[in-house]
Amino acid sequence: MDAIEGANDHYASEITCTAAVAWGPGQPFSLQQIRVQPPQKLEVRIKILFTSICHTDLSAWLGQNESQRVYPRILGHEASGVVESVGEGVEDITEGDHVLTIFNGECGECTYCKLKTTNLCAKFRVDPLQSVMRNDGKTRFLTQDGKPIYHFLNTSTFSEYTVVDSACVVKINPKAPLNTMTLLSCCLSTGIGSVINTANIHQGSTVAVFGLGAVGLAAILGAKTRGASTIIGIDINNDKRSKGQTLGMTNFINPSDLKTSVHEKIRDMTEGGVDFSFECAGNLDLLREAFLSTHDVCQYICVYLCTY
Ligand SMILES: NC(=O)c1ccc[n+]([C@@H]2O[C@H](COP(=O)([O-])OP(=O)(O)OC[C@H]3O[C@@H](n4cnc5c(N)ncnc54)[C@H](O)[C@@H]3O)[C@@H](O)[C@H]2O)c1
Ligand SMILES: [Zn+2]
Ligand SMILES: [Zn+2]
């Protein structure tokens with residue numbers, strides 16, 4: 001086995017472990033043994049302990065757009081685990097640290113990272129076309145016979161071990177429960193962040209949230225936290241009613257129950273429309289409904305749609 005010099009004068013070796021590998025659009029994942037290379041300069045190798053599934057993993061697995069059709073590939077981007085080894089130059093993360101993977105990494109030095117208004121790093125921002133490591137354009141995953149297996153969203157967490165840029169890792173309190181912390185990797189921060197950071201809604205705002213999956217439910221949580229007076233949840237699945245209510249939703253609409261369009265219903269309920277509308281299903285028709293559900297004088301329209 002090859003060994004390379006890592007940080008702190010120790011050596012990291014190749015690891016063989018199990019991963020769920022996607023070999024083609026919609027094909028069943030193959031649970032197979034893979035080789036994971038040591039972390040290179042400013043990279044970190046993580047033992048993944050928990051990983052959850054976001055709808056974006058599902059879209060990529062189905063290869064819904066061209067940029068996603070890169071195979072074989074290890075999907076997954078919401079995960080928590082423990083640092084197994086670090087590469088040269090990594091100073092703020094060490095072996096044994098509890099961490100989350102971050103698909104939208106931050107170098108901390110570029111113009112975007114220094115701006116207070118965005119964290120879309122010029123180097124490590126989420127990019128569905130990026131399927132190799134930035135250091136050397138190679139993958140850190142290999143099949144047993146040495147063929148490359150590609151990376152996904154800077155993270156690739158459907159594997160017992162993964163290698164990521166240190167910019168795509170965040171250290172967390174070791175007392176935090178790793179099994180639920182995975183949700184902070186994507187859906188919770190996306191939903192809550194869109195309401196509190198991007199839209200910056202205020203006490204008493206009226207809000208509509210389209211699609212009550214993990215992202216939409218997190219948006220409801222953010223709206224409740226900010227003191228929204230009305231939070232209307234919209235979903236075609238009636239089971240989402242009680243989930244939304246638990247988190248602070250005040251009204252629920254199932255579009256299938258309506259004779260009118262959703263935006264007409266919302267305009268009736270809110271004297272002309274809501275202050276803020278969030279599209280959390282990744283559906284263009286819903287995006288239009290979300291836009292039309294805001295009132296005419298609304299200065300702050302925040303519509304959220306999957307962009308990758
Ligand atoms: N840009 C980002 O940072 C980011 C992050 C996470 C997820 N996403 C995207 O956000 C979207 C939601 O992700 P998720 O993991 O919460 O998905 P999910 O599958 O858990 O939830 C989607 C919800 O939308 C509902 N829905 C579907 N079609 C609907 C319709 N026509 N009308 C009303 N409700 C409908 C479903 O019943 C479901 O409850 C996906 O497109 C995902 O790719 C983007
Ligand atoms: Zn996600
Ligand atoms: Zn940056």
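Rules of the game
Residues numbered from 1 in each chain as written. Chains lettered and ligands numbered in written order. Predicted model: local features only at pLDDT ≥ 70, side-chain atom pairs only at ≥ 80, totals over all residues. Heavy atoms only, no water. Helix = DSSP H or I, 4+ residues; strand = E, 2+ residues; numbered from the N terminus. Rg over C-alpha atoms; globule rule 2.2 N^0.38 Å. Contact = heavy atoms within 4.5 Å. Areas by Shrake-Rupley, 256 points an atom, 1.4 Å probe, with all protein chains shown as cover. Lys, Arg positive; Asp, Glu negative; His and termini not counted. Charge placed at Lys NZ, Arg CZ, Asp CG, Glu CD. Donors = N, O, S within 2.8 Å, 3.2 Å for Na, K, Ca; no water. Buried < 20%, exposed > 50% of the residue type's maximum accessible area, 1.4 Å probe, protein only. Tetrahedral: all angles 85-135°; square planar, octahedral: opposite > 155°, others 65-115°. Polar contact = N/O pair within 3.5 Å; in protein donor to acceptor, adjacent residues only side chain to side chain. Domains from an automatic or database assignment. Axes fitted to C-alpha atoms, helices over the stretch in contact; angles between N-to-C directions. Parallel < 35°, antiparallel > 145°, perpendicular 65-115°, else oblique. Left-handed = near helix turned anticlockwise from the far one by under 90°.

K.L.:
Help me out: how do you make sense of the overall build of the protein chain in this one?
P.N.:
Summing up its helical and strand segments, the protein chain has eight helices and 15 strands in all. In terms of C-alpha radius of gyration, the protein chain reaches 21 Å, essentially the compact-globule figure of 19 Å for 308 residues. Expressed as a percentage of contacts within the protein chain between residues at least 6 apart in sequence, the contacts between residues at least 24 apart total 63%. Taken as a whole, the protein chain presents about 14900 Å² of accessible surface, with 51% of it coming from carbon and sulfur. If you average the places of the 25 positive and of the 32 negative side-chain charges in the protein chain, the two averages end up 2 Å apart.

K.L.:
Even after reading the chapter, I still don't get the coordination of the zinc ion (ligand 2), so can you show me in this structure?
P.N.:
Geometrically, a metal with four donors at the corners of a regular tetrahedron has ideal angles of 109.5 degrees, and one with six donors at the corners of a regular octahedron has ideal angles of 90 or 180 degrees. All of the protein donors around the zinc ion (ligand 2) are Cys-54 (SG), His-77 (NE2) and Cys-186 (SG); their distances to the metal are 2.0 to 2.4 Å. Each donor residue of the zinc ion (ligand 2) belongs to the same chain, with the gaps between them written as C-x22-H-x108-C. With a gap of 132 residues between them, Cys-54 in the loop between strand 5 (43–52) and helix 1 (55–62) and Cys-186 in the loop between helix 3 (178–185) and helix 4 (187–198) connect regions that are remote in the sequence. Each member of the pair Cys-54 and Cys-186 is classed as buried.

K.L.:
Where do I start with the coordination of the zinc ion (ligand 3) in this structure?
P.N.:
Protein-derived coordination of the zinc ion (ligand 3) comes from Cys-107 (SG), Cys-110 (SG), Cys-113 (SG) and Cys-121 (SG), at a distance range of 2.4 Å. Taken together, the four donor atoms coordinating the zinc ion (ligand 3) span angles of 104 to 116 degrees at the metal, a pattern that classifies the geometry as tetrahedral. One chain supplies every donor for the zinc ion (ligand 3), spaced along it as C-x2-C-x2-C-x7-C. Residue Cys-110 is located in the loop between strand 7 (98–101) and helix 2 (111–114), and its partner Cys-121 is located in the loop between helix 2 and strand 8 (141–142); the two are separated by 11 residues in the primary sequence. In terms of burial, Cys-110 and Cys-121 fall into one category: buried.

K.L.:
Just checking my understanding: could you explain the side chain of Thr-139 for this structure?
P.N.:
Looking at where Thr-139 falls in the secondary structure, it is placed in the loop between helix 2 and strand 8. Owing to a relative accessible area of 9%, Thr-139 belongs among the buried residues under this scheme. A distance of 2.8 Å separates a polar side-chain atom of Thr-139 from the backbone oxygen of Phe-141. Every residue in contact with Thr-139, bar those within four places of it in the chain, is listed here: Gln-37, Ser-131, Val-132, Pro-148, Ile-149, Tyr-150 and His-151.

K.L.:
In this structure, what is going on with the domain arrangement of the protein chain? I would like to understand it.
P.N.:
As a measure of interface size, the accessible area lost when the parts come together is often cited. Taken domain by domain, the protein chain comprises domain 1 (3–184) and domain 2 (188–292). One C-alpha centre belongs to domain 1, the other to domain 2, and the line joining them spans 32 Å.

K.L.:
I'm lost on the packing of helix 5 (residues 214–225) against helix 6 (residues 240–247) in this one. Help?
P.N.:
When two helices pack together, their arrangement is captured by the angle between the axes and the distance separating the axes. It is at 8 Å that the axes of helix 5 and helix 6 come closest, and there the two elements cross at 30 degrees. When the axes of helix 5 and helix 6 are compared, the pair comes out roughly parallel. Every pair of crossing elements has a handedness; the one defined by helix 5 and helix 6 is right-handed. Residues Leu-217, Ile-220, Leu-221 and Lys-224 of helix 5 pack against Lys-243, Gly-244 and Leu-247 of helix 6.

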